[in-house]
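Inside the fold
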Amino acid sequence: MMPTIRQMVESDLSQVNLILSKAFTHARLQNGLSDSRVPLCKIEFLKMYLAGSPSGAWVMERNGRILAYCFSRLWGSVGWIGPLSVLPEEEGRGYGKQIVGAAVEALKGEGAKTIGLEMPAHSFRNLAFYTKLGFRANQLTVDLVRNVPSLAPSQSFSENVLIVKMGDVSPSEKPRYFEDLRRLSKRLQAGLDYSREVQLANDFEFGDGRLVYCNDSLIGFILAHTEIYSEEESHEYLKVNALQMAPELELHQLELLVALMEDWACSEGLASIYLRVPLRYHDGFRFLLSHNFFAVHNELRMTLEGFPQLDDPRSINFNKWE
């Protein structure tokens, strides 16, 4: 019986979780990594991923057994794919190509102007696979860490700076703040919208968004997760998924957002900040390295031909597609 592709539903997530762990462990072994085991995710984390774009999540199954899966994400008109896996024993049959194709077509159908993904920079197999599917290698993304002093005092910000914690905002007030966020994001990249991601982080209690106002103008935004994704993960990091700064600000004013991340980590009892920076934003990357961030990992970002990133690389518009 030939396998079929259909949209993922919540009851699939236990099987998806097992495939994710098995396939990513297998890939790490193939690439010669000594620390190869990838643990199971918390099911609530996968539920949050599915809720992020249910029309863009797919499984391939045969006789009720899932052979491959693929998630995708859509931030307004910015779409990306991942994670995705094929059972190791089912590799080489074209299943990966088919399920990526389903995700790509779903993103196109939803109006995505950017379609991309991130993959291990050392994986020549993945590079060849995605290149054949029409993706183009662009640049590295680098994971940066900054340790937070355990006894660091709470930051005091200037009286003209207001920090809005979206998790504390009433439902009636959220639309106003989300509209401010959309306006800031669209100044950096046309069509970019993080409001759904902030709401998901709140709803599933994995994290929150912070809006930074100065003299009543929104000048910065941070979306971060504070909860672990696996029961085997140490509760150590403020995991920053997106960080933006208004384009009229000078680079040195990024210090304000760094201070906010440090204060946020301290308030959660977290030891470190974990932040992914695409190297297209070279000035911001260099700034963070000069402010006690150090590199711990890198990925390769690829975009589908005809669906590139559309922002200014001189901006501060950090995010991770993972």
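Description of the structure in this document. (Residues numbered from 1 in each chain as written. Predicted model: local features only at pLDDT ≥ 70, side-chain atom pairs only at ≥ 80, totals over all residues. Heavy atoms only, no water.)

**Here's the deal with the overall build of the chain**
Tallying secondary structure elements over the chain gives eight helices and 13 strands in all. For the chain, whose C-alpha radius of gyration is 20 Å, the value lies close to the compact-globule estimate of 20 Å for 322 residues. Split into buried and exposed, the 322 residues of the chain put 53% on the buried side. Contacts in the chain between residues far apart in sequence, at least 24 positions, make up 71% of those at least 6 positions apart. Surface summary for the chain: the accessible area is close to 14,600 Å², and the carbon and sulfur share equals 51%. (Helix = DSSP H or I, 4+ residues; strand = E, 2+ residues; numbered from the N terminus. Rg over C-alpha atoms; globule rule 2.2 N^0.38 Å. Buried < 20%, exposed > 50% of the residue type's maximum accessible area, 1.4 Å probe, protein only. Contact = heavy atoms within 4.5 Å. Areas by Shrake-Rupley, 256 points an atom, 1.4 Å probe, with all protein chains shown as cover.)

**Side note on unusual backbone geometry**
The omega angle of the peptide bond from G82 to P83 is -5°, so this bond is cis rather than trans. Within the secondary structure, P83 sits in strand 4 (residues 78-86). Notably, E205 is not glycine yet its phi reads approximately 60°, a positive angle. Relative to the helices and strands, E205 resides in the loop between helix 6 (195-203) and strand 8 (207-214).

**Considering helix 6**
Within helix 6, burial applies to S195, E197, V198, L200, A201 and N202. Those residues of helix 6 that are buried lie in contact with helix 2 (43-52), strand 3 (65-75), helix 5 (174-188), strand 8 and strand 9 (217-225). Within two residues after helix 6, E205 carries a phi angle of roughly 60°, on the positive side.

**Notes on the packing of aromatic side chains**
The geometry of an aromatic ring pair is captured by two quantities: the separation of the ring centres and the angle between the planes. Throughout the structure, instances matching the rule amount to 14 aromatic pairs. Centre to centre, the rings of F45 and Y49 are 5.2 Å apart; their planes meet at 55°, and the pair counts as tilted. Here F45 and its partner Y49 are both found in helix 2, four residues apart, which amounts to about one turn of the helix. Here the two residues F45 and Y49 agree in accessibility, since each one is buried. Sitting over the face of the ring of Y177, R176 holds its NZ or CZ atom 4.3 Å from the ring centroid. (Phe/Tyr/Trp six-rings, centres within 6.5 Å; stacked < 30°, edge-to-face > 60°. Lys NZ or Arg CZ within 6 Å of the ring centre and 35° of its normal.)

**Quick word on the pairing of strand 5 (residues 114-120)**
Burial runs high along strand 5: six of the seven residues are buried. Two elements, strand 4 and strand 5, share four bridges in a ladder whose sense is parallel. Among the inter-strand pairings, V78 is bridged to a residue of strand 5, identified as T114. For the handedness criterion, the β-α-β arrangement of strand 4, helix 3 (residues 95-109) and strand 5 is classed as right-handed. As judged from the five bridges shared by strand 5 and strand 12 (residues 294-304), these two strands associate in the antiparallel manner. In the strand pairing of strand 12, P120 is matched with E299. (Pairing = 2+ DSSP bridges. Right-handed = clockwise from strand over helix to strand, strands pointing away.)

**Regarding the state of the cysteines**
Taken as a whole and assessed by the stated rule, the structure comprises zero disulfides. Free cysteine: C41, not disulfide-bonded; nearest cysteine sulfur from C70 at 15 Å. (Disulfide = S-S within 2.5 Å.)

**Considering the side chain of S185**
Within the secondary structure layout, S185 lies in helix 5. On the accessibility criterion, S185 (0% relative accessible area) is buried.

**What to know about the nonpolar core**
With 101 residues, the main nonpolar core has F71, I81, F135, M261 and L288 as its most contacted residues. The residues contacting F135, other than those within four sequence positions of it, are I81, V100, V104, I115, G116, L117, Y130, M302, T303 and L304. (Core = buried A, V, L, I, M, F, W, Y, C linked by side-chain atoms within 4.5 Å.)

**A short note on the pattern of salt bridges**
Tallied over the entire structure, the rule returns 29 salt bridges. Its salt-bridge partner being R62, residue E90 comes within 3.1 Å of it at the nearest N-O pair. Of this pair, E90 sits in the loop between strand 4 and helix 3 while R62 sits in strand 2 (residues 58-62), placing them 28 residues apart in sequence. The exposure class assigned to E90 is buried, which follows from its relative accessible area of 6%. A salt bridge links K239 to E233, with the nearest nitrogen and oxygen atoms 2.8 Å apart. Classification of E233 as partly exposed rests on a relative accessible area of 26%. (Salt bridge = Lys/Arg side-chain N within 4 Å of Asp/Glu carboxyl O.)

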